[in-house]
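Survey of secondary and tertiary structure
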Amino acid sequence: MGFIENRVTFDWCTPEVVERILAWQEARGISREETEHCFRDILTYGKEILASPEFSNCFFQQHHYVSTVGDHTLHVTLHALSHAYELQSWGHKINLRDVVTACLCHDIGILGRYGKFANDLVCCYLHPIHSALAAKRIVPKISRKALKAISRHMFPAFPIPPVSWVGYLLIKADKYCAYYEMKKDFAVGATIPAAA
């Protein structure tokens with residue numbers, strides 16, 4: 001038992017979710033220690049998001065037909081943090097709170113997609129705006145930088161580019177994780193449970 005099992009006590013954090021996240025990280029060559037280091041920062045900077053009903057519902061919403069929005073969001077946050085630490089080691093000033101907030105909220109606007117978006121293309125273009133609006137409700141003191149990163153994370157499909165390291169980290173992590181989640185040989189699939 002490690003930090004994740006002992007300290008992450010949200011209703012969505014079931015043993016199955018922890019196992020999938022650890023398997024995802026291990027399949028990418030990420031050590032348990034690095035994963036736990038990332039989770040400490042996720043808890044430090046994202047606790048109010050992790051405790052929100054919206055985030056919990058992310059584990060009941062499908063993402064790219066092979067995962068849940070919740071699993072994908074954690075993959076993205078872990079990947080972005082690993083690169084944020086690397087940039088910090090090179091002397092760049094990276095606001096980890098903004099990175100965690102932007103990553104945890106970037107796809108929350110997908111919730112209820114089949115009831116609010118006409119099709120997948122409309123979802124692709126509009127969910128960043130819905131995600132930014134949801135992020136403002138969940139994190140009332142969210143920074144402008146995190147909001148811009150969320151609302152522009154579909155670049156280049158959405159033509160306005162990111163303007164900060166937070167935005168670049170989110171876009172890189174989002175595309176990397178979506179790609180590997182859809183590859184059968186790398187996917188650590190999540191079964192989409194029925195909503196409670």
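What you are looking at is a predicted structure, and each value in this text was computed from that prediction instead of being measured. The written sequence of each chain sets the order in which its residues are numbered from 1. Where totals are concerned, whole chains, interfaces and linings use all residues; where local detail is concerned, this predicted model gives features only for residues with pLDDT of at least 70, and gives and counts side-chain atom pairs only at 80 or more. By convention in this description, side-chain values take in all heavy atoms of the structure and omit both hydrogens and water.

**A few points about helix α8 (residues 120-138)**
- To qualify as a helix, a DSSP run of H or I must reach at least 4 residues; to qualify as a strand, a run of E must reach at least 2; elements of each kind are numbered from the N terminus. Helix span is expected to be 1.5 Å times the residue number reduced by one. A rise of 1.5 Å per residue sets the reference length of α8, with its 19 residues, at 27 Å; its end C-alpha atoms lie 25 Å apart and thus fit the reference within 8%.
- We define the bend at each residue as the angle formed by axes fitted to the 7 residues ending at it and the 7 residues starting at it. The largest bend in α8 is about 45°, located at L126, with the proline P128 one to four residues further on.
- When we look at burial in α8, the residues that qualify are C123, H127, P128, S131, A132, A134, A135 and I138.
- Contacts from the buried residues of α8 go to α3 (32-50), α4 (53-57), α6 (96-105), α7 (113-116) and α9 (144-151).
- Each polar contact in these results corresponds to two N or O atoms within 3.5 Å; when the atoms are within protein, one needs to be able to donate a hydrogen and the other to accept it, and residues that are neighboring in sequence are counted only if both atoms are side-chain atoms. Among the residues of α8, the N-terminal cap falls to N119, whose side-chain oxygen and the backbone nitrogen of L121 are separated by 3.0 Å. The rule is simple: take the accessible area with a 1.4 Å probe, protein chains only, and divide by the maximum for that residue type; under 20% is buried, over 50% is exposed, in between is partly exposed. Note on contacts: a residue pair qualifies if any of its non-hydrogen atoms lie within 4.5 Å across the two residues.

**Remarks on the environment of S82**
- Relative to the assigned elements, S82 resides in helix α5 (residues 69-89).
- Given the relative accessible area of 17%, S82 is considered buried.
- Sequence separation between S82 and L169 is 87 residues, and the spatial gap between their C-alpha atoms is 9.7 Å.
- Polar contacts involving the side chain of S82 include one to the side chain of E34, which spans 2.7 Å.

**A few points about the side chain of S131**
- Looking at the element boundaries, S131 is found in helix α8.
- Aside from chain neighbours lying at most four places away, what touches S131 is C105, H106, D107, I108, G109, I110 and I150.

**Brief notes about a nonpolar patch on the surface**
- A contiguous nonpolar surface patch, about 280 Å² in accessible area, is contributed by L121, Y125 and L126.
- Inspection of the secondary structure puts L121 in helix α8. Think of a patch as exposed residues, more than 30% relative accessible area, with no salt bridge, where like charges cluster within 9 Å and nonpolar side chains (Val, Leu, Ile, Met, Phe, Trp, Tyr) cluster within 5 Å. Residue exposure ignores everything except the shown protein chains as possible cover, and the areas themselves are Shrake-Rupley values with a 1.4 Å probe. Every case where a carboxyl oxygen of Asp or Glu lies within 4 Å of a side-chain nitrogen of Lys or Arg is listed as a salt bridge.

**What about the packing of α3 against α6?**
- Every axis corresponds to a line fitted to the C-alpha atoms, with the helix fit spanning only the stretch in contact, and the corresponding angles, defined between N-to-C directions, vary from 0 to 180 degrees. Relative orientation of the contacting elements α3 and α6 amounts to 45°, with a least axis distance of 9 Å. As summarised for this structure, α3 and α6 are arranged oblique, according to the angle between their axes. In the packing of α3 onto α6, the handedness of the crossing is right-handed. Where α3 approaches α6, its residues D41, I42, T44, Y45, G46, I49 and L50 are matched on the opposing element by L96, R97, V100, T101, L104 and C105.
- Polarity classes work like this: nonpolar for Ala, Val, Leu, Ile, Met, Phe, Trp, Tyr, Cys and Pro, charged for Asp, Glu, Lys and Arg, and polar for all others, with Gly in that last group. Taken together, the residues that form the contact of α3 with α6 break down as 8 nonpolar, 3 polar and 2 charged. Roughly parallel covers angles under 35 degrees, roughly antiparallel covers those over 145, roughly perpendicular covers 65 to 115, and oblique covers all other angles. Crossing handedness follows the turn of the near helix against the far one: under a right angle anticlockwise gives a left-handed crossing, and clockwise gives a right-handed one.

**Focus: the state of the cysteines**
- Only a pair of cysteine sulfur atoms within 2.5 Å qualifies as a disulfide here. Tallied over the full model, the rule gives 0 disulfides.
- A disulfide-free cysteine, C105 has its sulfur positioned 8.7 Å from the sulfur of C58, the nearest such atom.

**Examining the layout of surface pockets**
- Roughly 220 Å³ of internal volume is contained in the largest pocket.
- In the cavity and pocket records, a cavity denotes points on a 1 Å grid over the protein atoms alone where a 1.4 Å probe fits but cannot get out, a pocket denotes an open set with protein on both sides within 12 Å along at least 5 of 7 lines, and lining residues are residues with an atom within 4 Å of a point. Forming the walls of the largest pocket are 14 residues, and the residues nearest its centre are H63, H64, C124, H127 and M154.
- Of all the elements, α8 adds the most residues to the lining of the largest pocket, at 4 residues.
- Within the lining of the largest pocket, the residues separate by chemical class into 5 nonpolar, 4 polar and 5 charged. Grid points are joined across faces, edges and corners, and a volume is the space filled by probe spheres set on the points.

**Some thoughts on the environment of L50**
- When you line up the elements, L50 lands in helix α3.
- Through-space distance from the C-alpha of L50 to that of L104 is 8.0 Å; in sequence the pair is 54 residues apart.

**Some words on unusual backbone geometry**
- The omega torsion of the bond from F155 to P156 falls at 10°, within 30 degrees of zero and hence cis.
- Relative to the assigned elements, P156 resides in the loop between α9 and α10 (165-182).

**Considering the pattern of salt bridges**
- Counted according to the given criterion, the structure contains 4 salt bridges.
- R113 is the partner of D120 in a salt bridge, and the nearest nitrogen-oxygen pair spans 2.9 Å.
- Take D120: its relative accessible area is 36%, and that puts it in the partly exposed class.
- A salt bridge links D174 to K175, with the nearest nitrogen and oxygen atoms 2.9 Å apart.
- We classify D174 as buried; its relative accessible area is 5%.

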